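Chain residues, written in single-letter form:
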Amino acid sequence: MSARLGDYDYVLPRELIAQRPLKRREDSRMMVLHRAEQKIEHWQFLELQTFLQPGDLLVLNDTRVLAARRFSDDGAVEFLFLERIDRRRWKCMVNPGRKMRVGATTKIDNVSLRVAQVTADGERIVAFDKDADVYAGGSMPLPPYINRPSDESDAARYQTVFAHAAGAVAAPTAGLHFTPEILSGLPHTFLTLHVGPGTFLPVRSENITAHRMHAERFSISSEAANKINSARRIIAVGTTTLRALESARQTDGTILAQERTTDLFVYPPFTFQFVDALLTNFHLPRSTLLMLVSAFAGRQFVLRAYEEAVRKRYRFYSYGDCMLIL
């Protein structure tokens, strides 16, 4: 198992990065990876039920993406609001950072704000002159590889149909393929993990074991814990769900209802204790998400599957196609 960052790389033509969702959520293609046989198949997401067995349970992340992207009134600074600290202070990411050093000021909706602090991670603590609802005029925080401004359609499509608990700044994208009709016919339950800004941050250390994940809050209800503990096979819908489940497992092999944070970084040779199968989208080269998938299915097998996905012209990333790993 390699800990070298460069061993989690692949070549992706830019035109395969999906810039918009398909007209219908459920029309995505689905690459199926059979780990035991090292076999790759090509299906449609609509055929997901073909691979389910009696006693299976899909576990999905019902976090709701906040309309957290704002611009200063002069358009010079982009903000991604992450967390309200108190009545008038917020934690946020800014771009470009050089314009917003400590003491710098600007306005949003004609309300002045000042940078009070720059954190060790480069985030800003900003203080408004008066109360401000930063989400009221915000837009979906589309990831940087989508090369366009977000619009009204993204308010619906960069959100799962089952989104419930507001708190994420990125969508749990494996869940974007589901419709209410599809979900109603499948055995499922929900947990919540609020996807944080760490999803945007690259791995900078050549030895991946030196990378540290941002902590993200998750919660599992008593009802969900009971369903999970009673299931024969757990199918995690998305890497966020997988991380929450593997973080929540008790020493006796069960899961308890809980609410806490996790900074679990999953990379080879991680030993999975709880998740039996994974539905996920295709991920960026050299990313923690690709490392997680490599831990689950084997790095060389995953990279071979990605090469085939490129040859077969799959659509990549948030608005792209999906992969089922069995």
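Preceding this section is the structure that the text describes.
Residues numbered from 1 in each chain as written. Predicted model: local features only at pLDDT ≥ 70, side-chain atom pairs only at ≥ 80, totals over all residues. Heavy atoms only, no water.

**Student:** Would you explain the overall build of the protein in this entry?
**Tutor:** Counting its secondary structure elements, the protein contains six helices and 17 strands. Relative to the 2.2 N^0.38 estimate, which gives 20 Å for 326 residues, the radius of gyration of the protein is 20 Å and therefore close to what a compact globule would have. The buried share among the 326 residues of the protein stands at 53%. The contacts of the protein with a sequence gap of at least 6 include a subset with a gap of at least 24, amounting to 71%. (Helix = DSSP H or I, 4+ residues; strand = E, 2+ residues; numbered from the N terminus. Rg over C-alpha atoms; globule rule 2.2 N^0.38 Å. Buried < 20%, exposed > 50% of the residue type's maximum accessible area, 1.4 Å probe, protein only. Contact = heavy atoms within 4.5 Å.)

**Student:** Is there a simple way to think about the packing of aromatic side chains in this case?
**Tutor:** Describing an aromatic ring pair means giving the distance of the ring centres and the angle of the ring planes. For the structure shown, the criterion picks out 19 aromatic pairs. Ring plane angle 35° and centroid distance 5.2 Å describe the contact between Phe-162 and Phe-190, whose orientation is recorded as tilted. One end of the pair, Phe-162, is in the loop between helix 1 (152-157) and strand 11 (165-168); the other, Phe-190, is in strand 12 (residues 188-193), and 28 residues separate them in sequence. Its relative accessible area of 27% is what places Phe-190 among the partly exposed residues. Among the aromatic side chains, those forming a connected cluster through ring pairs are Tyr-10, Tyr-145, Phe-282, Tyr-306, Tyr-314, Phe-316 and Tyr-317. Sitting over the face of the ring of Tyr-314, Arg-29 holds its NZ or CZ atom 3.9 Å from the ring centroid. Across the ring face of Phe-296, the terminal group of Arg-35 is positioned such that the distance to the ring centre comes to 4.0 Å. (Phe/Tyr/Trp six-rings, centres within 6.5 Å; stacked < 30°, edge-to-face > 60°. Lys NZ or Arg CZ within 6 Å of the ring centre and 35° of its normal.)

**Student:** How should the sheet that holds strand 8 (residues 105-108) be read in this particular structure?
**Tutor:** Adjacent strands of a sheet form backbone hydrogen bonds with each other and so pair up, either parallel or antiparallel. The antiparallel open sheet is built from six strands, whose spatial order is 5-6-7-10-9-8. Unpaired on one side and paired on the other, strand 5 (69-71) and strand 8 mark the two borders of the sheet. Direction aside, neighbouring strands of the sheet carry axes that sit 45° apart on average. (Pairing = 2+ DSSP bridges. Axes fitted to C-alpha atoms, helices over the stretch in contact; angles between N-to-C directions.)

**Student:** Just to check I follow, could you spell out the packing of helix 5 (residues 288-297) against helix 6 (residues 299-311) for this structure?
**Tutor:** Helix packing for two helices is described by the angle between their axes and how far apart those axes are. One can describe the packing of helix 5 onto helix 6 by two numbers: an axis separation of 7 Å at closest approach and a directional angle of 115°. Of the two possible hands of crossing, helix 5 and helix 6 adopt the one that is right-handed. Contacts from Leu-290, Val-293, Ser-294 and Ala-297 in helix 5 reach Arg-299, Phe-301, Val-302, Leu-303 and Tyr-306 in helix 6. Its residues assigned to classes, the contact of helix 5 with helix 6 comprises seven nonpolar, one polar and one charged. (Left-handed = near helix turned anticlockwise from the far one by under 90°. Nonpolar A, V, L, I, M, F, W, Y, C, P; charged D, E, K, R; others polar.)

**Student:** When you look at the pairing of strand 8 in this model, what are you seeing that I'm missing?
**Tutor:** Consecutive side chains of a regular strand alternate in pointing toward one face of the sheet and then the other. Of the two faces of strand 8, only one is covered, namely that formed by Thr-106 and Ile-108; the face formed by Thr-105 and Lys-107 stays uncovered. One ladder, built from four bridges, connects strand 8 with strand 9 (residues 111-118); its direction is antiparallel. Within strand 9, the position partnered with Lys-107 by the bridge is Ser-112. The turn linking strand 8 back onto strand 9 is made up of two residues, and Asp-109 within it adopts a positive phi angle of 55°.

**Student:** Help me out: how do you make sense of the packing of helix 4 (residues 239-248) against helix 5 in this one?
**Tutor:** For the pair helix 4 and helix 5, interaxial distance at closest approach is 11 Å and the crossing angle is 65°. Along this stretch, helix 4 crosses helix 5, giving a crossing that reads as left-handed. Contact residues: helix 4 offers Thr-239, Leu-242 and Arg-243, while helix 5 offers Leu-289, Leu-292 and Phe-296. The residue makeup of the contact of helix 4 with helix 5, split by class, is four nonpolar, one polar and one charged.

**Student:** I tried to follow the side chain of Arg-233 on my own but got confused; where do I start?
**Tutor:** Considering the arrangement of structural elements, one finds Arg-233 in strand 14 (residues 233-237). With a relative accessible area of 14%, Arg-233 lands in the buried category. Here Phe-51 takes part through its backbone oxygen, which lies 3.0 Å from a polar atom of the side chain of Arg-233. (Polar contact = N/O pair within 3.5 Å; in protein donor to acceptor, adjacent residues only side chain to side chain.)

**Student:** Would you mind going over the pairing of strand 9 with me for this structure?
**Tutor:** By the bridge criterion, five bridges tie strand 9 to strand 10 (residues 124-128) in an arrangement that is antiparallel. Residue pairing for strand 10: Arg-114 is matched across the bridge by Ala-127. Between strand 9 and strand 10, which pair antiparallel in sequence order, lie five residues; one of them, Gly-122, sits at a positive phi of approximately 85°.

**Student:** Could you clarify how one ought to interpret the sheet that holds strand 2 (residues 39-44) in this entry?
**Tutor:** If you walk across this open sheet you meet the nine strands as 2-1-17-16-14-3-12-13-15, and the pairing is mixed. Edge positions in the sheet fall to strand 2 and strand 15 (258-262), since each of these pairs with one other strand and no more. Averaged over neighbouring strand pairs, the angle between their axes works out to 25° when direction is ignored. Strand contacts of helix 3 (residues 222-230): strand 3 (56-61), strand 12, strand 13 (216-220) and strand 14, with the helix running at about 125° to strand 12, the strand carrying the most contacts.

**Student:** Please explain the environment of Ser-153 as it appears in this structure.
**Tutor:** Among the structural elements, Ser-153 can be located in helix 1. Look at Ser-153 and you get partly exposed, because its relative accessible area is 36%. Put simply, Ser-153 and Val-169 are 16 residues apart on the chain and 17 Å apart in space, counted from C-alpha to C-alpha.

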